[in-house]
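Okay, here's what each chain looks like letter by letter:
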Amino acid sequence: MEQSPLTQQARPSFLPKIASLYESLFKEGYEAEKSEGFWTEFFLLKCYPPGMVEILRPLSSDDLLHLQPQTRELFRRAVSGIRSGIGPQDDIALDTLNVFLREILCKRYTNISSDIIALLTGLDNVDSIFTDFVASLDNIIKNGRTVELRYKAIQTALCVACGGFQTGLLSYFTHRDFFPALVKFINDPETQLITYDPFILLGILANYNKFEFQNPYQLRLADFVNDSTIKKIVREIGIASSQARADYITIQDDLPDGWSLGGVLSYVGLGTISGIQKPKTPPPPANPEAIKLAFDTLPSSKAAILLPIYEFANTNKLFCYQLIEYQEPGTEESPICAYISFTSYLIQHAHRSLRTTYYARTNLLVLRILLEDQAICKHLTSEENKRRVRLCRQRQPHLPIVRNGRVLITAIIDTVINGINHNLKKKLDVDLYILCIAILQRALSYLIRTRTRLEYHWSELWRSILSFIRFLTVYSTDLQELHHIHDLIHNLVNLVALALSSGDSFLPGAAEYDDLFYKLVETRDILTKFSDTYQLSIRPDSSIPVLISVSEHYNRLIADYTSKPAKSKSKNLSPQQVSEVIKSGYETLSIKSKDGLDIWDKYREVDERVFLKRVARMVVEDLKGRKGLEEGPCAI
């Protein structure tokens, strides 16, 4: 059958003219400089990222180094374009640089600093051209004629900051102070929906070589007291945290069903009374392997915001206060609740990858910093600051559901318990667990000093800690040679001893205190084996004798109790009978705990130097590969 002449034919595809100019610029055999007319036309035609990517991405670093005349001329002309301040040349120059620099800076070079300088400017011209480039970006961010142009300048600066993070190029950003321009951009009412990138850029610049020299952005963060700007940053933290958390929830929605009258009526077969239709058959469960693979790709690059959060929290007390207190009117979830919630998802999945672990540890460092500030702790335990926090429930065991608002410190403790319960493995991440125990120690120390009694499911905390001790005992052969394992064990034992000796200062009632002793009595054999396995009894600073003596004290009382025929006909006592023995044993119990169990060393960033450098490199790699940068500047 012949095809109808009315059949629609496929339209031929036409490439923009700028694509042919890219071809002309980067073709082999280029020697003579292009004419002024070529460059005028080049920066009048709209940037076409796919065309430039198609040419540059297949090239290796060595191939690019053979194209130095072209790359240098393009960079010099683009810098002149953005410095001119004339539209549309400056706009197109920023778009072009964003794509060009992204492709240039993502290659692997033998000598990264010298090779990139050779590609962009040459050693003789690097100071003059790059100084102009950085100054032009700063001026556009501060005084650009449109928000879109200013945002593109931030994206270009962020592209250079990430791609050149391990080079000397970022020194030009430290010589030129971008802080006022970035703050002005964040403060602008027209930019309130795009504060993520300037905050990220600020964090990257503040992190650059901060252990090698006095980074000026660190000083800027420490001295910053503009309340309105900090509130806008905190708002963005809440948005980014909830968005990054949503990626986990999309894979597995773990929100427990809430109570409702309709649910109760349906449960007893009277659903028609409530007007609720019979629920549809739930979809079949997804492939577990597919779920695992999906979780392994998380968190998204949105988590990069966790690095500047850490930088700000470690240097600025006002930021810490606003992070805890601020909530935008009309919103259901405050930024701190979203942040703690996202942390719970990170730490529950920390075992999946080193990347997830690093992000989880970064957030835990922030929580530790918050808990070391007594004024912040007062807000974390204030009844006026009760909030609802959604915590991750994507893996068993689950902690009890708390549907009503509660003081924030209890949500932090729950997050840490989740971390302890869900990252147990033979190759234990000792540093992660040391940080978890440190957070618990600081939380309990504050409660003890202020005699703050919290309503909380304390039994879950004791169960998790003693289960962790059991794990350390059972798998001691695999764990004993791990770096810092003995520091972890020392801190863990001291934490239990602290709770034993001062439980009456923070536990709400005798029942919670009795429960701690009950669980300790249950683990008598484990504690003894734990002490022998790690040779704790020969360490003069260990608190293990306190735990064992308490356990032995009550086991003697239980033995005496069972030996009385009138009291018990069975050698195995019921939980109620054990509780009676525990209560009666307080009179003869003597807990000789060591002094200073509630004293801890204040956080010193230099102790985490190696880890923080790794986090910075990871964040930079995440930002280099994120979708927004991959597609080039976004329209606003």
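Before reading on, note that the structure itself is shown above.
Because the structure is a prediction, the values reported are computed rather than measured.

**Side note on empty space enclosed by the protein**
Piece 1. Applying the stated criterion across every chain yields a total of two cavities of 30 Å³ or more.
Piece 2. In this structure, the largest cavity occupies an estimated 40 Å³ of space.
Piece 3. As for the largest cavity, its lining consists of Trp462, Ile465, Leu466, Val496, Ala499 and Leu516.
Piece 4. Where the lining of the largest cavity is concerned, the elements lending two or more residues are α25 (458-474) and α27 (485-506).
Piece 5. Sorting elements by how many residues they give to the lining of the largest cavity places α25 first, with three residues.
Piece 6. Of the residues in the lining of the largest cavity, the class split is six nonpolar, no polar and no charged.

**Concerning the layout of surface pockets**
Leftover empty space is mapped by rolling, across the atoms, a probe with the size of a water molecule.
Piece 1. Computed from the structure, the largest pocket encloses a volume of approximately 740 Å³.
Piece 2. For the lining of the largest pocket, the secondary structure elements donating two or more residues are α21 (354-371), α24 (430-450) and α27.
Piece 3. A class-by-class count of the residues in the lining of the largest pocket yields eight nonpolar, seven polar and 13 charged.
Piece 4. What the second largest pocket holds in volume is close to 530 Å³.
Piece 5. Lining the second largest pocket are 23 residues, with Leu255, Val389, Arg390, Leu391 and Val402 positioned closest to its centre.
Piece 6. The residue makeup of the lining of the second largest pocket, split by class, is 10 nonpolar, four polar and nine charged.

**Description of the environment of Asn209**
Piece 1. Summarising the element assignment, Asn209 is placed in the loop between α12 (196-207) and α13 (216-223).
Piece 2. Residues Asn209 and Phe165 lie 44 residues apart in sequence; the distance between their C-alpha atoms is 9.1 Å.
Piece 3. Looking at Asn209, its side chain comes within polar contact range of the side chain of Tyr208, at 3.5 Å.

**Re unusual backbone geometry**
Piece 1. A cis amide bond links Leu298 with the next residue in sequence, Pro299, at an omega value of 0°.
Piece 2. Tracing the backbone through its elements, the reader meets Pro299 in the loop between α17 (288-296) and α18 (306-315).
Piece 3. Here the bond from Gln396 into Pro397 is cis, since omega is -5°, no more than 30 degrees from zero.
Piece 4. Turning to its location among the elements, Pro397 is positioned in the loop between α22 (374-380) and α23 (408-422).
Piece 5. In this model, His484 sits at a positive phi of 70°, which is unusual for a non-glycine residue.
Piece 6. For His484, the position within the fold is in the loop between α26 (476-479) and α27.

**Concerning the side chain of Glu103**
Piece 1. Secondary-structure assignment places Glu103 in helix α6 (residues 89-105).
Piece 2. There is a polar contact of 3.2 Å between the side chain of Glu103 and the side chain of Arg102.
Piece 3. Ignoring any residue separated from it by four or fewer positions in sequence, one finds Glu103 in contact with Val53, Leu56 and Arg57.

What counts and how
- Residues numbered from 1 in each chain as written.
- Predicted model: local features only at pLDDT ≥ 70, side-chain atom pairs only at ≥ 80, totals over all residues.
- Heavy atoms only, no water.
- 1 Å grid on protein atoms, 1.4 Å probe; cavity = no way out; pocket = protein on both sides within 12 Å on 5 of 7 lines; lining within 4 Å.
- Points joined across faces, edges and corners; volume = space filled by probe spheres on them.
- Helix = DSSP H or I, 4+ residues; strand = E, 2+ residues; numbered from the N terminus.
- Nonpolar A, V, L, I, M, F, W, Y, C, P; charged D, E, K, R; others polar.
- Polar contact = N/O pair within 3.5 Å; in protein donor to acceptor, adjacent residues only side chain to side chain.
- Contact = heavy atoms within 4.5 Å.

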